[in-house]
Amino acid sequence: MSYQIHITDAFVLGSYPRAEGDRLFSLYTERYGLVPVLAKGIRYEKSKMRGCLDRYARVRVGFVAGKELYRLTYAEAHSGPVRLQSELFRFRGARAVGDMIF
């Protein structure tokens, strides 16, 4: 069985714990819009994706379609320049959307 991996830039709007080591993230992606993604085992210390998925972080993610939800397979921090002043309006908007969802 073959899965198609979707790779895109995203903005982490929020998250909440699910099961023992899992976390459900709400991502606003460049290509797919608002996407709920399940990250299996991300709450464990050995998880490689753990450090880059903070709330309001800009990340590059990869995910596949699972039975019920999309499943996160790849995540890394965005390496582009941070322009806080020019993106302050966008940040406030994203924060307001994140607060409404979670």
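Residues numbered from 1 in each chain as written. Predicted model: local features only at pLDDT ≥ 70, side-chain atom pairs only at ≥ 80, totals over all residues. Heavy atoms only, no water.

1. Quick look at the overall build of the protein chain
Thought 1: Per the secondary structure count, the protein chain includes 1 helix and 5 strands.
Thought 2: Each helix and strand of the protein chain, ordered N terminal to C terminal, gives the series β-β-β-β-β-α.
Thought 3: The buried share of the protein chain, taken over its 102 residues, is 36%.
Thought 4: The contacts of the protein chain with a sequence gap of at least 6 include a subset with a gap of at least 24, amounting to 48%. (Helix = DSSP H or I, 4+ residues; strand = E, 2+ residues; numbered from the N terminus. Buried < 20%, exposed > 50% of the residue type's maximum accessible area, 1.4 Å probe, protein only. Contact = heavy atoms within 4.5 Å.)

2. Some details on the nonpolar core
Thought 1: Counting residues in hydrophobic clusters, the biggest one holds 17 residues, and the most contacted among them are L53, V59, V61 and L72.
Thought 2: Going through the elements one at a time, β1 (6–18), β2 (22–29), β3 (33–39), β4 (58–65) and β5 (70–77) are the ones with two or more residues in this core.
Thought 3: Not counting residues within four places of it along the chain, the set of residues in contact with L72 comprises V37, L38, A39, M49, L53, V61, G62 and F63. (Core = buried A, V, L, I, M, F, W, Y, C linked by side-chain atoms within 4.5 Å.)

3. Considerations on unusual backbone geometry
Thought 1: The backbone phi angle of A19 is positive, close to 60 degrees, even though this residue is not glycine.
Thought 2: The topology assignment puts A19 in the loop between β1 and β2.
Thought 3: For A19, a relative accessible area of 58% translates into the label exposed.

4. Observations concerning a nonpolar patch on the surface
Thought 1: Taken together, the side chains of I5, I7 and Y74 define a hydrophobic patch exposed on the protein surface, amounting to about 230 Å² of accessible area.
Thought 2: With respect to the element layout, I7 can be found in strand β1. (Patch = residues over 30% accessible without salt bridge, like charges linked within 9 Å, V, L, I, M, F, W, Y side chains within 5 Å. Areas by Shrake-Rupley, 256 points an atom, 1.4 Å probe, with all protein chains shown as cover. Salt bridge = Lys/Arg side-chain N within 4 Å of Asp/Glu carboxyl O.)

5. Some details on the side chain of T29
Thought 1: Looking at the element boundaries, T29 is found in strand β2.
Thought 2: Reaching out from T29, the side chain makes a polar contact with the backbone nitrogen of Y32 at a distance of 2.9 Å.
Thought 3: Filtering out sequence-adjacent residues up to four positions away, T29 remains in contact with T8, D9, A10, V35 and F63. (Polar contact = N/O pair within 3.5 Å; in protein donor to acceptor, adjacent residues only side chain to side chain.)

6. A few points about the packing of aromatic side chains
Thought 1: One pass over the structure, following the stated rule, counts 2 aromatic pairs.
Thought 2: Taken together, a centroid distance of 5.7 Å and an interplanar angle of 75 degrees make the contact between Y32 and F63 edge-to-face. Note that Y32 is positioned in the loop between β2 and β3 and F63 in strand β4, a separation of 31 residues in sequence.
Thought 3: Owing to a relative accessible area of 1%, F63 belongs among the buried residues under this scheme.
Thought 4: Relative to Y70, the ring of F63 has its centre 5.1 Å away and its plane inclined at 70 degrees; by these criteria the two rings are edge-to-face.
Thought 5: Accessibility expressed as a relative area gives 33% for Y70, which makes it partly exposed.
Thought 6: One aromatic cluster is present, formed by Y32, F63 and Y70 through successive ring pairs. (Phe/Tyr/Trp six-rings, centres within 6.5 Å; stacked < 30°, edge-to-face > 60°.)

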